[in-house]
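Secondary and tertiary structure notes
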Amino acid sequence: MTTPDDAARADLLHYLQAARDALLWKLDGLPEYDVRRPMTPTGTNLLGLVKHAAGVELGYLGDTFGRPSGEPLPWLADGAETNADMWATAEESRASVVELYRRAWAHADATVRALPLDTPGRVPWWPDGEDKVTLHHAVVRVIADTQRHAGHADILRELMDGTAGTDGTGSGLPSTDPAWWASYRERLERTAREAGRKP
């Protein structure tokens, strides 16, 4: 018999996996340079987003609930370079970052399946007195973070080669016709200019 907790857990895992898949798919078909190159003034890059997401899952859905993964994450150690989780070094291969992320999924999913959603946890890097969460809260937080970064990745990929959507098929987009998009964009540009001329 399925309990409300089981149904909620299934929903959470479904949406978390959808966000993971969308983020990881953004690397498909790109050369090494493109998955690493900084695309914004703050250095946002595709492989760095994946590396960051792996650390987030291992922290919030592992360490927070007394379930350390044993994965070495030197970029999160005391004394690590600032923002080191947001980019991959030349020594960190794309394959190693992707495999780390997949191991993080497995570890996080095992935590979600093993514990009741109201299980209390403590976020080690939050201030004392403000560091308590439930598993349910932690999973929602990770979903929100992963979706946010999947959105970043979507924009980065579109800027690189025009590819958009969540899975390479154009699903969720009103059209896959480049001419339709050019016309649509031009209409938005005209509207923006017209609105910008108004007092």
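Residues numbered from 1 in each chain as written. Predicted model: local features only at pLDDT ≥ 70, side-chain atom pairs only at ≥ 80, totals over all residues. Heavy atoms only, no water.

**Topic: the overall build of the protein chain**
A count of helical and extended segments in the protein chain gives six helices and two strands. Starting at the N terminus and walking to the C terminus, you meet the elements of the protein chain as α-α-α-α-β-β-α-α. Taking the principal axes of the C-alpha coordinates as reference, the protein chain spans close to 55 × 45 × 40 Å. Counting only residues that meet the buried cut, the protein chain has 40% of its 199 residues in that class. Of the roughly 11,400 Å² of accessible surface on the protein chain, a fraction of 56% belongs to carbon and sulfur atoms. (Helix = DSSP H or I, 4+ residues; strand = E, 2+ residues; numbered from the N terminus. Buried < 20%, exposed > 50% of the residue type's maximum accessible area, 1.4 Å probe, protein only. Areas by Shrake-Rupley, 256 points an atom, 1.4 Å probe, with all protein chains shown as cover.)

**Comments concerning the nonpolar core**
Residues Leu23, Leu27, Leu46, Val50 and Tyr101 are the most contacted members of the largest nonpolar core, which totals 27 residues. Looking at this core, the elements that each hand over two or more residues are helix H1 (4-25), helix H3 (46-60), helix H4 (94-114) and helix H5 (135-161). It is H3 that provides the largest number of residues to this core, a total of seven residues. Excluding residues within four positions of it along the chain, Leu27 makes contact with Val35, Leu46, Leu47, Val50, Arg94, Val98 and Arg157. In terms of nonpolar packing, the next biggest core, distinct from the first, is built from 19 residues, Leu61, Phe65, Val133 and Val139 among them. (Core = buried A, V, L, I, M, F, W, Y, C linked by side-chain atoms within 4.5 Å. Contact = heavy atoms within 4.5 Å.)

**Focus on unusual backbone geometry**
Non-glycine residue Asn83 carries a positive phi angle of around 70°. With respect to the helices and strands, the residue Asn83 is situated in the loop between H3 and H4. On the basis of relative accessibility, which here comes to 44%, the residue Asn83 falls in the partly exposed class.

**A closer look at the packing of H3 against H5**
For the pair H3 and H5, the least separation of the axes is 10 Å and the interaxial angle reads 175°. As summarised for this structure, H3 and H5 are arranged roughly antiparallel, according to the angle between their axes. Taking contact as the criterion, the partners of Leu46, Leu49, His52, Val56, Glu57 and Tyr60 in H3 are, on H5, Ala138, Arg141, Val142, Asp145, Thr146, His149, His152, Ala153, Leu156 and Met160. Broken down by class, the residue content of the contact of H3 with H5 amounts to nine nonpolar, four polar and three charged. (Axes fitted to C-alpha atoms, helices over the stretch in contact; angles between N-to-C directions. Parallel < 35°, antiparallel > 145°, perpendicular 65-115°, else oblique. Nonpolar A, V, L, I, M, F, W, Y, C, P; charged D, E, K, R; others polar.)

**Let's talk about the packing of aromatic side chains**
Under the definition given, this model contains six aromatic pairs. With 4.9 Å between their ring centres and 75° between their planes, Tyr60 and Trp125 make a pair best called edge-to-face. Taken together, the positions of Tyr60 in helix H3 and Trp125 in the loop between strand E1 (120-122) and strand E2 (132-134) put the pair 65 residues apart, joining distant regions of the chain. Judged by its relative accessible area of 46%, Trp125 falls in the partly exposed class. Ring centres of Trp180 and Tyr184 lie 5.1 Å apart, and the angle between their planes is 10°; on these two criteria the pair is classed as stacked. With Trp180 and Tyr184 both in helix H6 (residues 178-197) and four residues apart, the pair spans about one turn of that helix. On the basis of relative accessibility, which here comes to 37%, the residue Tyr184 falls in the partly exposed class. Ring-pair connections join several aromatic residues into one group, and the members of that group are Tyr60, Trp125 and Trp126. Looking at Lys51, its charged tip hangs above the ring of Trp75, at a distance of 4.3 Å from the centre. One residue, Arg157, lies across the ring of Trp25, its end atom 5.9 Å from the ring centre. (Phe/Tyr/Trp six-rings, centres within 6.5 Å; stacked < 30°, edge-to-face > 60°. Lys NZ or Arg CZ within 6 Å of the ring centre and 35° of its normal.)

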